[in-house]
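Single-letter residue listing:
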Amino acid sequence: MANPTNRIVITGGHLTPALALINQLQADNWEIYYLGRKKAMQGDQSLSLEARVIPENGVTFIPLVTGRFRRHFNFRNLISLSKMPLGILHALLLLIKLKPAIVVSFGGYLGFPVVVSAWILRIPAIIHEQISVGGLANRLSAPFATKIAISFPTSQQFYPSHKTVLTGIPLQPGLLKTRAAIKHKYA
């Protein structure tokens, strides 16, 4: 394995900004692990987008077993929530094994157990909020995060100001070139 000070674990539900970060980290020779969901949907046998795309980008993908947060209550949701402690334990074991220097979460139900586990192990954790309001998983993860990167100033109200930094959304370099080309052609 590479130098543990250059080892990072990335997780979460927003894949596009995660891929932009991965692209930059690869250029800087980081050893990257992505904890994500293996299946596209519960009960579905097809692989999730991250399970397909992350390995194609040269990153080690590790499936994480956990429950998800849902905004309505029913028996199925109760079962899902009961898996959350399992997710924290699974993430804890993975982080002990991987020994990353830092964890970055891009929101979603997968991010919560990883950020909590990082907090338990005293591994710095950054969460990134991509939307203008605080997402549920990120708001629940915030007390355990070292820093919170937000994309919009309106997100600030959902997080502790002493932890929050306005960073914007990580973008793939090609996206900016495409935007400039379109603007030039149609301006």
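All values derive from a computational prediction rather than experimental measurement.

Novice: Honestly, the overall build of the protein chain in this entry has me stumped. Any pointers?
Specialist: Across its full length, the protein chain holds seven helices and seven strands. Ordered by position from N to C terminus, the α and β elements of the protein chain give β-α-β-α-β-α-α-β-α-β-α-β-β-α. Counting across all 187 residues of the protein chain, residues that qualify as buried make up 42%. Of all intrachain contacts in the protein chain linking residues separated by at least 6 positions in sequence, the fraction that spans at least 24 positions is 53%. Accessible surface computed for the protein chain: about 10300 Å², of which carbon and sulfur atoms make up 63%.

Novice: When you look at the sheet that holds strand β3 (residues 60–63) in this model, what are you seeing that I'm missing?
Specialist: Judged by pairing direction, the sheet is parallel, and its seven strands sit side by side in the order β3-β2-β1-β4-β5-β6-β7 without closing on themselves. Looking at the sheet topology across the chains shown, the edges are occupied by β3 and β7 (164–166). In this sheet, adjacent strand axes meet at a mean angle of 25 degrees when their direction is disregarded. Taken together, the three bridges between strand β4 (residues 102–105) and strand β5 (residues 125–129) define a ladder with parallel strand orientation. Bridge pairing in β5 places Val104 opposite Ile126. Strands β1 (7–11), β2 (31–36), β4 and β5 of the sheet are contacted by helix α5 (residues 111–120), whose axis makes an angle of about 155 degrees with β4.

Novice: Mind showing me how you'd approach unusual backbone geometry here?
Specialist: If a residue is not glycine, its phi is most likely negative; likewise, a peptide bond is most likely trans. The phi angle at Asn29 is positive, at roughly 60 degrees, despite the residue not being glycine. With respect to the helices, strands and loops of the structure, Asn29 is situated in the loop between α1 (15–27) and β2. The phi dihedral of Arg122 is positive, around 60 degrees, even though this residue is not glycine. Structurally, Arg122 can be placed in the loop between α5 and β5.

Novice: Sorry if this is basic, but what is going on with the nonpolar core here?
Specialist: Across soluble globular proteins, you tend to see nonpolar side chains buried next to one another. Counting residues in hydrophobic clusters, the biggest one holds 23 residues, and the most contacted among them are Val9, Leu95, Val103, Val114 and Ile148. Looking at this core, the elements that each hand over two or more residues are β2, α4 (84–98), α5, β5 and β6 (147–150). Those residues within four positions of Leu95 in sequence are excluded, and the remaining contacts are Val9, Pro100, Val103, Val114, Ser117, Ala118, Leu121 and Ile123. Formed by 17 residues, the second largest nonpolar core is a distinct cluster that contains Ala18, Leu25, Ile54 and Phe106.

Novice: Even after reading the chapter, I still don't get the pairing of β6, so can you show me in this structure?
Specialist: A regular strand carries its side chains on alternate faces of the sheet. For β5 and β6, the ladder comprises four bridges, and the chain directions are parallel. Pairing of His128 across the sheet is with Ala149, part of β6. In this region the chain leaves β5, passes through helix α6 (residues 136–141) and returns to the parallel neighbour β6; the handedness of that crossover is right-handed. The pairing of β6 with β7 spans three bridges and is classified as parallel. Paired with Ile150 across the strands is Leu166, a residue of β7.

Rules used throughout
- Note that residues are indexed from 1 along each chain, following the sequence as it is written.
- It should be noted that, the model being predicted, local features are given only for residues of pLDDT at least 70 and side-chain atom pairs only at 80 or more, the latter also being counted only at that level, while totals for whole chains, interfaces and linings use all residues.
- In computing side-chain properties, one takes all heavy atoms of the structure into account and sets aside hydrogens as well as water.
- The way it works is that DSSP assigns letters per residue, a run of H or I at least four long becomes a helix, a run of E at least two long becomes a strand, and they are numbered from the N terminus.
- Relative accessibility thresholds used throughout: buried, under 20% of the residue-type maximum; exposed, over 50%; partly exposed, between the two (1.4 Å probe, protein chains only).
- Every residue pair with non-hydrogen atoms within 4.5 Å of one another is taken to be in contact.
- Shrake-Rupley sampling with a 1.4 Å probe provides the accessible areas, and residues are treated as covered by the protein chains on show and by no other component.
- At least two bridges found by DSSP between two strands are what make those strands a pair.
- Think of each axis as a best-fit line through the C-alpha atoms, taken over the contacting stretch in the case of a helix, with angles from 0 to 180 degrees between the N-to-C directions.
- The term nonpolar core refers to a set of buried residues drawn from Ala, Val, Leu, Ile, Met, Phe, Trp, Tyr and Cys, joined through side-chain atoms within 4.5 Å.
- Here, the term right-handed applies to a crossover whose path from the first strand over the helix to the second runs clockwise when the strands point away from the viewer.

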